Amino acid sequence: MMNTTQVHRHAPRMARRESAPHLYAVGQAVRLKGGFAQRAQAKGVYHITRTLPPLGEFPQYRIRNDDETHERLAAQNELEAVNTTGGADLISRTFGHG
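The structure contained in this document is the topic of the report that follows. (Residues numbered from 1 in each chain as written. Predicted model: local features only at pLDDT ≥ 70, side-chain atom pairs only at ≥ 80, totals over all residues. Heavy atoms only, no water.)

## A word on the overall build of the protein chain
Then, in step 1: Scanning the protein chain from terminus to terminus reveals one helix and five strands.
Then, in step 2: When the helices and strands of the protein chain are listed from N to C terminus, the series reads β-β-β-β-β-α.
Then, in step 3: For the protein chain, the residues scored as buried account for 20% of the 98 residues in total.
Then, in step 4: Sequence separation of 24 or more characterises 42% of the internal contacts of the protein chain that already satisfy a separation of 6 or more.
Then, in step 5: Summed over all atoms, the accessible surface of the protein chain reaches about 8100 Å², with 51% contributed by carbon and sulfur. (Helix = DSSP H or I, 4+ residues; strand = E, 2+ residues; numbered from the N terminus. Buried < 20%, exposed > 50% of the residue type's maximum accessible area, 1.4 Å probe, protein only. Contact = heavy atoms within 4.5 Å. Areas by Shrake-Rupley, 256 points an atom, 1.4 Å probe, with all protein chains shown as cover.)

Structural data, given as structure tokens:
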């Protein structure tokens, strides 16, 4: 009978891929990027209400439009910043500082 030695080889560890940092802050105005049929109904300006951990490689956000009674979940790659005039005033009114 022959002795065999089992060699256990571990799979090489995959380097952990860092997710992208959050580009948008709570209170910031954003717009959903076009391109999907369901996004056609979701036009308008939204505000970031909460930052969430990434799902996959993109950070997630909760966003809300003043004309809607619900919040939406959106990935960072689905959003674009909106330049609004008086943005510092909104921050000051909302958070008490500019």
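## A short note on the sheet that holds strand β5 (residues 79-81)
Then, in step 1: An order of β4-β3-β2-β1-β5 is seen for the five strands of this open sheet, with the pairing classed as antiparallel. A single partner strand is all that each edge strand has here, and the edge strands are β4 (71-75) and β5. Here the average twist between neighbouring strands, direction ignored, is 45°.
Then, in step 2: Where strand β1 (residues 29-32) and strand β2 (residues 45-55) come together, three bridges link them in antiparallel fashion. (Pairing = 2+ DSSP bridges. Axes fitted to C-alpha atoms, helices over the stretch in contact; angles between N-to-C directions.)

## Section: the side chain of Gln 60
Then, in step 1: Mapped onto the secondary structure, Gln 60 falls in strand β3 (residues 58-64).
Then, in step 2: Here the side chain of Gln 60 touches Phe 58 through a polar contact of 3.1 Å, landing on its backbone oxygen. (Polar contact = N/O pair within 3.5 Å; in protein donor to acceptor, adjacent residues only side chain to side chain.)

## Some details on the nonpolar core
Then, in step 1: Within the largest apolar cluster, nine residues are counted, these being Tyr 24, Val 30, Leu 32, Tyr 46, Ile 48, Tyr 61, Ile 63, Ala 74 and Leu 79.
Then, in step 2: Residues within four places of Tyr 61 in sequence aside, it is in contact with His 22, Leu 23, Tyr 24, Ile 48, Arg 50, Thr 51, Leu 52, Arg 72, Leu 73, Ala 74, Gln 76 and Leu 79. (Core = buried A, V, L, I, M, F, W, Y, C linked by side-chain atoms within 4.5 Å.)

## Thoughts on the pattern of salt bridges
Any two side chains of opposite charge can pair, given that their charged atoms come close.
Then, in step 1: Per the stated rule, a full pass over the model turns up two salt bridges.
Then, in step 2: One salt bridge connects Arg 62 with Glu 71, and the closest N-O pair in it is separated by 2.9 Å.
Then, in step 3: Its relative accessible area of 33% is what places Glu 71 among the partly exposed residues.
Then, in step 4: Two residues, Arg 72 and Glu 68, come together in a salt bridge whose shortest N-O distance is 2.9 Å.
Then, in step 5: With relative accessibility at 22%, the residue Arg 72 sits in the partly exposed group.
Then, in step 6: With a relative accessible area of 16%, Glu 68 lands in the buried category. (Salt bridge = Lys/Arg side-chain N within 4 Å of Asp/Glu carboxyl O.)

## Here's the deal with the environment of Asp 66
Then, in step 1: Considering the arrangement of structural elements, one finds Asp 66 in the loop between β3 and β4.
Then, in step 2: Between the C-alpha atoms of Asp 66 and His 47, which are 19 residues apart in sequence, the distance is 8.4 Å.

## Overview of the environment of Gly 44
Then, in step 1: Residue position: Gly 44 is located in the loop between β1 and β2.
Then, in step 2: Sequence-wise, Gly 44 and Asn 65 are 21 residues apart; in three dimensions their C-alpha atoms are separated by 7.3 Å.
Then, in step 3: Beyond its immediate sequence surroundings of up to four residues, Gly 44 is in contact with Val 30, Arg 31 and Asn 65.

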